[in-house]
Structures are given as structure tokens and as C-alpha cells.
Amino acid sequence: ETTVTIGGWVADSAGEPRALLVGTTGEDGLRYLTTVRSGLSTDRAELGRQLRRFPRKTSPFVDDVPARTSVTWVRPTVHGAITTTGRSPTWLRFT
């Protein structure tokens with residue numbers, strides 16, 4: 001289990017989060033870790049409400065993020081836990 005900070009998200013056709021761009025905080029700021037697509041269904045509506053409160057124009061990550069289209073960048077204030085066991089990272093819960 002890894003504690004992460006959300007730095008951006010990609011919306012589905014209904015405007016709710018379908019992917020989260022997450023990172024961990026280091027000495028020089030927020031570093032991109034991975035994109036989370038699994039496990040969001042339980043918290044999807046609440047994630048959308050939380051993330052819409054903190055938009056920003058640019059990426060909060062100090063390093064490069066893989067090219068993504070339609071990313072909504074957010075202030076790094078929403079935290080959660082993910083697991084990376086299995087094929088892809090999975091959202092577990094808010095922390």
C-alpha cells in the first residue's frame with residue numbers, strides 16, 4: 001500500500017474521474033508515480049467533488065508526466081492510498 005497525492009485527473013463521458021495521475025512528495029516537490037484507473041468506482045462521485053474544488057492551470061508535478069490528453073490539473077491537496085499488486089495500480093481509499 002502506498003500513500004499518494006492526486007495531481008491531475010481525466011474525466012469520463014459523464015464528467016467523473018476515470019483516471020487519476022498521482023505522485024509522492026519528495027524534497028523537491030510532488031513527483032509523478034503512476035496513473036490509477038482501477039478501483040475508482042466506489043469513490044468516483046466523491047473524487048469528482050473533491051478534485052473540482054482545486055483546479056490549476058499547470059501540472060503540479062516537478063518531473064515529466066507521460067503525455068496525456070484532457071488532463072485537469074489540481075492543487076496537490078487530495079490524498080489517498082493505492083496498491084500496486086497485480087497488473088495495474090488500484091485506488092483503495094482517501095487518506
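Residues numbered from 1 in each chain as written. Predicted model: local features only at pLDDT ≥ 70, side-chain atom pairs only at ≥ 80, totals over all residues. Heavy atoms only, no water.

Peer 1: What is the right way to look at the packing of aromatic side chains in this model?
Peer 2: The geometry of two aromatic rings is summed up by the distance between their centres and the angle between their planes. In this structure the tally under the stated criterion is three aromatic pairs. Ring geometry for Tyr32 versus Phe61: centroids 5.6 Å apart, planes at 85°, classification edge-to-face. Highlighted residues: Tyr32 in strand 3 (residues 29-36) and Phe61 in the loop between helix 1 (44-52) and strand 4 (71-73), separated in sequence by 29 residues. Summarising the burial analysis for this pair, Tyr32 and Phe61 share the class buried. Taking the centre distance of 6.3 Å and the plane angle of 75° together, the rings of Phe61 and Trp73 count as edge-to-face. Remark: Trp73 occurs in strand 4 and Phe61 occurs in the loop between helix 1 and strand 4; sequence separation between them is 12 residues. Judged on exposure class, the residue Phe61 and its partner Trp73 are both buried. Here the aromatic residues Tyr32, Phe61 and Trp73 are joined through ring pairs into a cluster of three or more. (Phe/Tyr/Trp six-rings, centres within 6.5 Å; stacked < 30°, edge-to-face > 60°. Helix = DSSP H or I, 4+ residues; strand = E, 2+ residues; numbered from the N terminus. Buried < 20%, exposed > 50% of the residue type's maximum accessible area, 1.4 Å probe, protein only.)

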